[in-house]
Amino acid sequence: MKAIATPKAPGAIGPYSQAIQVGNLVFTSGQIPIDPATGAFAEGGIKEQTRQSLTNVKAILEEVGLTMGNVVKTTVFMADMNDFADMNSVYAEFFTPPYPARSAVAVKTLPKGALVEIEVVAEVV
């Protein structure tokens, strides 16, 4: 097991790693829309927050030489399922066929009041 960390994504705010590699799989922790350069949320609504969350995921994967094309599974947590269409339109900018498997769920609250949090599993090939 190997911890993965990059300054190009927000640092962990608790006792966890940005990601862990086990064998040929990389598991990222959920990424909320914090801009690592400012420490603040991306300004705007669900689209901007989704873009920042996925940008953070992308930076973590790049730390170990992976791309979004290596992602095999995503989980998207949203504060409001009514934001699904807007989240999905931005999500589609980050992935190409064959798309990863995905779960999307609405939760009562997310850390720091985020509108979205995204985690992925990626394959090292």
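This report concerns the structure included in the present document. (Residues numbered from 1 in each chain as written. Predicted model: local features only at pLDDT ≥ 70, side-chain atom pairs only at ≥ 80, totals over all residues. Heavy atoms only, no water.)

That bond from P97 to P98 is cis: its omega, -5°, falls within 30 degrees of zero. Not every positive phi belongs to a glycine, and K112 is a case in point at roughly 60°. As for its position among the elements, K112 is in the loop between β5 (101-106) and β6 (116-123). (Helix = DSSP H or I, 4+ residues; strand = E, 2+ residues; numbered from the N terminus.)

With respect to the helices and strands, the residue N70 is situated in the loop between α1 (46-63) and β4 (71-78). At a separation of 2.8 Å, a polar atom in the side chain of N70 contacts the main-chain amide nitrogen of T67. Excluding residues within four positions of it along the chain, N70 makes contact with V121, A122, E123 and V125. (Polar contact = N/O pair within 3.5 Å; in protein donor to acceptor, adjacent residues only side chain to side chain. Contact = heavy atoms within 4.5 Å.)

The computed volume of the largest pocket comes to approximately 160 Å³. Around the largest pocket, the lining comprises 14 residues; the ones closest to its centre are P10, G11, I13, Y16 and I32. (1 Å grid on protein atoms, 1.4 Å probe; cavity = no way out; pocket = protein on both sides within 12 Å on 5 of 7 lines; lining within 4 Å. Points joined across faces, edges and corners; volume = space filled by probe spheres on them.)

Of the two faces of strand β3 (residues 25-28), only the one carrying V26 and T28 is buried; L25 and F27 on the other face are not. Note: strand β2 (residues 19-22) against β3, four bridges, orientation antiparallel. Its bridge partner being in β3, V22 is matched across the sheet by L25. In terms of strand pairing, β3 meets β6 through three bridges, oriented antiparallel. Paired with V26 across the bridge in β6 is A122. (Buried < 20%, exposed > 50% of the residue type's maximum accessible area, 1.4 Å probe, protein only. Pairing = 2+ DSSP bridges.)

So, on to the nonpolar core. V26, L54, L61, M68, V71, V76 and F95 are the most contacted members of the largest nonpolar core, which totals 24 residues. Residue assignment for this core shows that the elements contributing at least two residues are α1, β4, α2 (84-94) and β6. Here the element with the most residues in this core is α1; it accounts for six residues. (Core = buried A, V, L, I, M, F, W, Y, C linked by side-chain atoms within 4.5 Å.)

Across the eight residues of β6, six count as buried, placing the element largely inside the fold. Judged from the seven bridges that link them, β4 and β6 form a sheet pairing that is antiparallel. Each bridged residue has a counterpart across the sheet, and for V71 the counterpart in β6 is A122.

Summed over all chains, the structure comprises one aromatic pair. A centroid spacing of 4.6 Å and a plane angle of 35° characterise the contact between Y91 and F95, whose relative ring orientation is tilted. Across the pair, exposure class does not vary: Y91 and F95 are buried alike. (Phe/Tyr/Trp six-rings, centres within 6.5 Å; stacked < 30°, edge-to-face > 60°.)

It is worth stressing that arrangement in space is one thing and function is another; only the former is reported here.
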